[in-house]
Protein chains: 4
Amino acid sequence: MEDLLSKIIEKNRYLISKGAVADYIPALSKVNPNNIGICIMDVDGNNYKTGNYDVKFTIQSISKIMSLMLALIDNGEDKVFKKIDYEPTEEPFNTLFKLDFPHTVKPSNPMINSGAIVTTSLIKGKGEERFNRLLNFIRTVTENPNISYNEEVYLSEKDTGHKNRAMAYLMKARGFIDGDVEEILDVYFKQCSIEVTTVDIAKIGLFLANRCKLLEQDTKVCDARIASIVTAIMATCGMYNFSGEYAATVGIPSKSGVGGGILGTIPHKMGIGVFSPTLDQYGNSIVGYGIMSDLSKELNLNIF
Amino acid sequence: MEDLLSKIIEKNRYLISKGAVADYIPALSKVNPNNIGICIMDVDGNNYKTGNYDVKFTIQSISKIMSLMLALIDNGEDKVFKKIDYEPTEEPFNTLFKLDFPHTVKPSNPMINSGAIVTTSLIKGKGEERFNRLLNFIRTVTENPNISYNEEVYLSEKDTGHKNRAMAYLMKARGFIDGDVEEILDVYFKQCSIEVTTVDIAKIGLFLANRCKLLEQDTKVCDARIASIVTAIMATCGMYNFSGEYAATVGIPSKSGVGGGILGTIPHKMGIGVFSPTLDQYGNSIVGYGIMSDLSKELNLNIF
Amino acid sequence: MEDLLSKIIEKNRYLISKGAVADYIPALSKVNPNNIGICIMDVDGNNYKTGNYDVKFTIQSISKIMSLMLALIDNGEDKVFKKIDYEPTEEPFNTLFKLDFPHTVKPSNPMINSGAIVTTSLIKGKGEERFNRLLNFIRTVTENPNISYNEEVYLSEKDTGHKNRAMAYLMKARGFIDGDVEEILDVYFKQCSIEVTTVDIAKIGLFLANRCKLLEQDTKVCDARIASIVTAIMATCGMYNFSGEYAATVGIPSKSGVGGGILGTIPHKMGIGVFSPTLDQYGNSIVGYGIMSDLSKELNLNIF
Amino acid sequence: MEDLLSKIIEKNRYLISKGAVADYIPALSKVNPNNIGICIMDVDGNNYKTGNYDVKFTIQSISKIMSLMLALIDNGEDKVFKKIDYEPTEEPFNTLFKLDFPHTVKPSNPMINSGAIVTTSLIKGKGEERFNRLLNFIRTVTENPNISYNEEVYLSEKDTGHKNRAMAYLMKARGFIDGDVEEILDVYFKQCSIEVTTVDIAKIGLFLANRCKLLEQDTKVCDARIASIVTAIMATCGMYNFSGEYAATVGIPSKSGVGGGILGTIPHKMGIGVFSPTLDQYGNSIVGYGIMSDLSKELNLNIF
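This one's a predicted model, so the numbers in the text were calculated from it and none came from an experiment.

Enquirer: Explain the interface of chain A and chain B to me, please; I cannot follow it from the model alone.
Expert: How big an interface is tends to be stated in terms of the accessible area lost upon association of its parts. Chain A puts 34 residues into the contact, and the matching count from chain B is 34 residues. At the boundary of chain A with chain B, total buried surface from both sides reaches about 2700 Å², with 55% on carbon and sulfur atoms. Three residues, Glu87(A), Glu90(A) and Phe304(A), lead the burial of chain A against chain B; their summed loss comes to 26% of the area buried on that side. Applying the counting rule to chain A against chain B returns four salt bridges. As a salt-bridge pair, Lys98(A) and Glu91(B) come within 2.7 Å of each other at their nearest N and O atoms. Taken together, the connections running from chain A to chain B amount to 20 residue pairs in polar contact (both at pLDDT 80 or more). Take the side of chain A that touches chain B: its biggest share by element is eight residues, from helix α10 (residues 224-237) of chain A. Here the residues of the side of chain A that touches chain B sort into 15 nonpolar, ten polar and nine charged.

This is the structure we're talking about:
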């Protein structure tokens, strides 16, 4: 298996130069573009790791599935989806275009920035508590108590995140956000700056695949239905405005982040973590897409 | 099993009055709103039929998956998706809003009207041949040689389909359609007017589930990859701008039509046909959604 | 005065090569790009003509102010503006973007194609009568009984006007157009193909300036209020999505056409006709804009 | 003349109840809806004042023409219109819809909030200086050294102006705003809270009509061309997405504010100030529109 994974990595390595590392903040542009890692974990307890599987990268938008789970745990499905819709959008991940339509009522979905900021606002807690609860939730699911956030990236995001700020104020104006906008943005910028490895995100994928239960643990962390909802939203919205093509060509419910990570989950089967920092026009890892595509074919993982 | 299906029908019957029969053409408004039917067919050859499973209704947008398959057979994936995108849209099924954006290059996906008209234009054939090839393809897949179209519905669609006509001319102007617009529209209006039963559409769902192979037949009708692509597109776009919520709450790749039908497919497992003519605001059968939701839970069919 | 006009022509001649002749139909691309003409007529009966003032060109969108006047005469202001709005738009002249917004009720204004097609539909008359009435109205206002349309241009427009056709069917679908779409389009394509000179359009500008009265004639052709409405709409919408900048930099209520003509009107003072066929990105004559700008400064014509 | 003005006031008084006082901040909702005032000042030095002409109201969007003039004085036309376009928009005054289009480069015009915030950012000065310069400019033009801002309104705007804040951050993200967003917003909120009477705004209208020269003063405050540009922009954009209809039915270049004021200017002739606090759906004084319409007819002021 590790042989296959290595072969897939080498087959897709040429794509590095077809994409570009995220450069909207200096901290992100400093990553090594040549790192490529894969980690696969299945429900039978098998783990496969190859390449730079243990190199840290910022979780970025992959955090959106964690904040969504916590918001669902805290509020229930009905309350969450009164503030956010479930629908994929053709607009890019940082759009606020639709938010000022007369006829639109909610951010399209929790996988784009606007929806994710609302999700974060729905996590319960005062002051530091909200972020700490999210961090702890991630530590629990990854079974990695050392996970923390990158202060430099966080401060950069906070300093230059004008468009996210614009979205947040617009959603405040339209009643989708309660509470203090800057406080919510602070949590959001911090959650995007959390550092993980492919092992950590494969664990999250496995947790979803295993219906919100940690392997070798008896108690569920949360209701299995949450895994099903989150997996469906990943399948329809997880790769931004490339989600439809990704579903048709890869068929693995996934969530990407501009840090270069892609998290995949095969219900009842396995979690996958892939990492390579150069991105395509949609903000998805370009090597990562190639790898997921090959994994899907070679391991017959396409759920459709 | 039939008992369970009957119970599910009765449980959802009250929803009839929450929706409304399509009335944009007189022929459609005349259907009996009280008909409800279910047919399920699995890859092991089991069939379950309940209620008005054998009442005919017009296939409408469910035909879009058949024309897509035929267009893929005729042209290959690359050529088809040069003219149509794979992406779900937040706009309603009959939108042409995005088509006149400076930055949009293709109709969003083949499940909304604009994309489906392009799909139809890609079916090979001259004059009558194009429609006849599609009709024969449907007859082959359903193993029902008696399938035909409803002349009255066809003429009504043709007479009043100004918005579809607008889309077609716009796509002609933007280079997505080759050939004569009125001729293509004629095929499109006819294909929407084809009459089927829940048995017929369950067969199509089974055909997709069985990877483009008819049960008890040795040869594939087309490549298994086509089943996978079409199923993914159904999962992300098949229920129009309700597709995301449907995926999260039902989790069965499906395609609806304003005739009241919903076709579901569970890869490698089964095909489902449901029929009830009153529609919700998105143009999906309102009872049909309730039934699919209950089937998903009771039979554990959610793929996510 | 003719000296000044000649100087202004020569000063702006270099702009010819900065624009491009309309080429969406072969007939238009054949015009001589080097023709430049000016004609000015004031309410005191003075006429000034320079350059290729008597070269014929197709009236194109300048016809929109004539069809608007006739629609107002035929129906009154209230009825016309129930079907068309008065508002300038940021979208290009051939947009249909806004027409499929859930919240938009009318084509933005009668100076863009969608609004102008509705205007034409409001002209009274059956069959040939509608176009003949418009042609006669133009002949009356220009006092030129020889005006006619260019058959080759008309047939080209009809043959390739897919986007206008799309708009018309969409407006039919949304209830802004009564009657047969193809018949209305036929009148619209013919009216765009009418051939005029700068003298003819200066006469129309003079007619507006003189409040709907021909010089040296006692009876008004129509109510003075119509001149005021049409002039205001020219000032706010007449140069498409460049109208605002044109108002701020030229300040002469004007209407352009892709045939290369620009008609200007100074209320109570004069009419101006300018012609030069190469166009800028908005579809306005590029030399024409330079000339109008210089005329405005030299003759102190800016109304703002 | 005052008789005529009184008659016009009484004729339009019934409209008070057709509109509603701005209530987005408590301070605004407390005004007396029954106040109606008119002040007209012509270039010959005649003044006509009727009704509640000396009641103070907040200037709100009428300040946009003052900040535009000052930005033009400070930067010149080229620099200002590199950051803001001249084009009227169909969107409401507080839209940010177009700002997140891939193809839009600038806020549409300086009369809507987004453009006006950019305008304010272009006024030179550090810290308090920027607002003080604007205030002094208004005092100079109105020849009223007592003009100041309403602290309560300012604090309310600042506290609840989330949508303006969203716009400002979005424009910061897209490079239309240099400098600190909150500092610019602070000036913007203060300028909207400046209190004036109909006499003050009539003076501004007169100043524009008199080509940037105070009556009975020899020196121009600024170049006459600025008057022409600002008047043109008022004519095309000054009444928000009602500007086109207002031009066609009233024909007086005007600017409204949600405080209930409407400022009109007739080039070379007169300035007009009208005040009545209840607003129509566009945010324009509903009685004010009636009065301007009657003034236009009775005094023959329509410039088109």
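Enquirer: Can you walk me through the relation of the copies chain C and chain D in this structure?
Expert: What connects the two chain copies is a rotation about an axis and a shift along it. Take chain C, turn it by 180°, move it 0.0 Å along the axis, and it overlays chain D with an RMSD of 0.0 Å. Within this description, the copies of the chain are treated as partners about a two-fold rotation axis. Interface residue correspondence from chain C to chain D reaches 100%, placing this contact among same-surface, isologous pairings.

Enquirer: So what exactly am I meant to see when it comes to the environment of Lys18(D) here?
Expert: Residue and element names in this part refer to chain D. As for its position among the elements, Lys-18 is in the loop between α1 (2-12) and β1 (20-21). Note on Lys-18: relative accessible area 57%, which makes it exposed. When the C-alpha atoms of Lys-18 and Ile-286 are compared, they prove to be 7.5 Å apart, with 268 residues separating the residues in sequence.

Enquirer: Hey, could you run me through the interface of chain C and chain D in this one?
Expert: Counting from both sides, the interface comprises 33 residues of chain C and, opposite them, 34 residues of chain D. Across the chain C/chain D interface, buried area totals approximately 2700 Å², and carbon plus sulfur atoms make up 55% of it. Sorting the residues of chain C by area buried against chain D places Glu87(C), Glu90(C) and Phe304(C) first, and these three jointly supply 27% of that buried surface. Linking chain C to chain D there are four salt bridges. Here Lys98(C) and Glu90(D) are joined by a salt bridge, their closest N and O atoms 3.2 Å apart. Counting every contact that joins chain C to chain D gives 20 residue pairs in polar contact (both at pLDDT 80 or more). Looking at the side of chain C that touches chain D, the elements that each hand over two or more residues are α11 (224-237) and α12 (243-249) of chain C. By residue number, the principal contributor to the side of chain C that touches chain D is α11(C), which donates seven residues. Split into classes, the residues belonging to the side of chain C that touches chain D amount to 14 nonpolar, ten polar and nine charged.

Enquirer: Even after reading the chapter, I still don't get the nonpolar core, so can you show me in this structure?
Expert: In a soluble, globular protein the nonpolar side chains are often hidden away together inside. Among the nonpolar cores identified, the biggest contains 377 residues, and Leu295(A), Ile65(B), Leu295(B), Leu295(C) and Leu295(D) are the most heavily contacted of them. Those residues within four positions of Leu295(C) in sequence are excluded, and the remaining contacts are Leu5(C), Ile8(C), Ile40(C), Ile272(C), Val274(C), Asn300(C) and Leu301(C).

Enquirer: Help me out: how do you make sense of the relation of the copies chain A and chain B in this one?
Expert: For the pair chain A and chain B, the relating rotation is 180°, the translation along its axis is 0.0 Å, and the fit reaches an RMSD of 0.0 Å. When the interface residues of chain A are mapped onto chain B, 100% of them again fall at the interface, so both copies present the same face.

Enquirer: Where do I start with the confidence of the model for chain A in this structure?
Expert: For any part of a model where pLDDT is low, the fine detail of the predicted coordinates should not be relied upon. Taken over all residues, the pLDDT of chain A has a mean of 95, while the share at 70 or more is 99%. Here the predicted complex carries an ipTM of 0.96, next to a pTM of 0.95.

Enquirer: Help me out: how do you make sense of the side chain of Ser254(D) in this one?
Expert: All names here are of chain D. By secondary structure assignment, the location of Ser-254 is in strand β6 (residues 254-256). Here the side chain of Ser-254 touches Tyr-246 through a polar contact of 2.9 Å, side chain to side chain. A distance of 2.7 Å separates the side chain of Ser-254 from the backbone oxygen of Ile-252, its partner in a polar contact.

Enquirer: Please explain the environment of Ser6(C) as it appears in this structure.
Expert: Residues and elements named next belong to chain C. Note on placement: Ser-6 falls in helix α1 (residues 2-12). With relative accessibility at 30%, the residue Ser-6 sits in the partly exposed group. Considered as a pair, Ser-6 and Gly-244 are 238 residues apart in the sequence and their alpha carbons are 28 Å apart.

Enquirer: What is the right way to look at α11(C) in this model?
Expert: An α-helical segment advances 3.6 residues per turn. Residues three or four places apart therefore align on the same side. Residues and elements named next belong to chain C. Given a rise of 1.5 Å per residue, 14 residues ought to cover 20 Å, and the 20 Å separating the end C-alpha atoms of α11 matches this to within 8%. In terms of residue burial, α11 counts as a mostly covered element, since twelve of its 14 residues are buried. Restricting attention to buried positions, one finds in α11 the residues Ile-226, Ala-227, Ser-228, Ile-229, Val-230, Thr-231, Ala-232, Ile-233, Met-234, Ala-235, Thr-236 and Cys-237.

Enquirer: Explanation requested: the pattern of salt bridges in the structure shown.
Expert: Pairs may arise between side chains of opposite charge once their charged atoms sit close together. Tallying each qualifying case throughout the model produces 60 salt bridges over all chains. Of the charged contacts in the structure, one is a salt bridge between Lys190(C) and Asp186(C), with a shortest N-O distance of 3.8 Å. With a gap of four residues between them, Lys190(C) and Asp186(C) both fall in helix α9 (residues 181-192), about one helical turn apart. There is no split in this pair, since Lys190(C) and Asp186(C) are both buried. Residue Glu152(D) pairs with Lys30(D) through a salt bridge whose shortest N-O separation is 2.7 Å. Of the two residues, Glu152(D) sits in helix α6 (residues 151-160) while Lys30(D) sits in the loop between α2 (26-29) and β2 (37-42), which places them 122 residues apart along the sequence. Judged by its relative accessible area of 58%, Lys30(D) is exposed. Beyond isolated ion pairs, a larger network of salt bridges with shared partners links Glu128(A), Lys158(A), Asp186(A) and Lys190(A).

Basis of the calculations
- Residues numbered from 1 in each chain as written.
- Chains lettered and ligands numbered in written order.
- Predicted model: local features only at pLDDT ≥ 70, side-chain atom pairs only at ≥ 80, totals over all residues.
- Heavy atoms only, no water.
- Contact = heavy atoms within 4.5 Å.
- Buried area = accessible area lost by both parts, 1.4 Å probe.
- Salt bridge = Lys/Arg side-chain N within 4 Å of Asp/Glu carboxyl O.
- Polar contact = N/O pair within 3.5 Å; in protein donor to acceptor, adjacent residues only side chain to side chain.
- Helix = DSSP H or I, 4+ residues; strand = E, 2+ residues; numbered from the N terminus.
- Nonpolar A, V, L, I, M, F, W, Y, C, P; charged D, E, K, R; others polar.
- Least-squares fit on C-alpha atoms with pLDDT ≥ 70 in both.
- Buried < 20%, exposed > 50% of the residue type's maximum accessible area, 1.4 Å probe, protein only.
- Core = buried A, V, L, I, M, F, W, Y, C linked by side-chain atoms within 4.5 Å.
- pLDDT = per-residue confidence, 0-100.
- Expected span 1.5 Å × (residues − 1).

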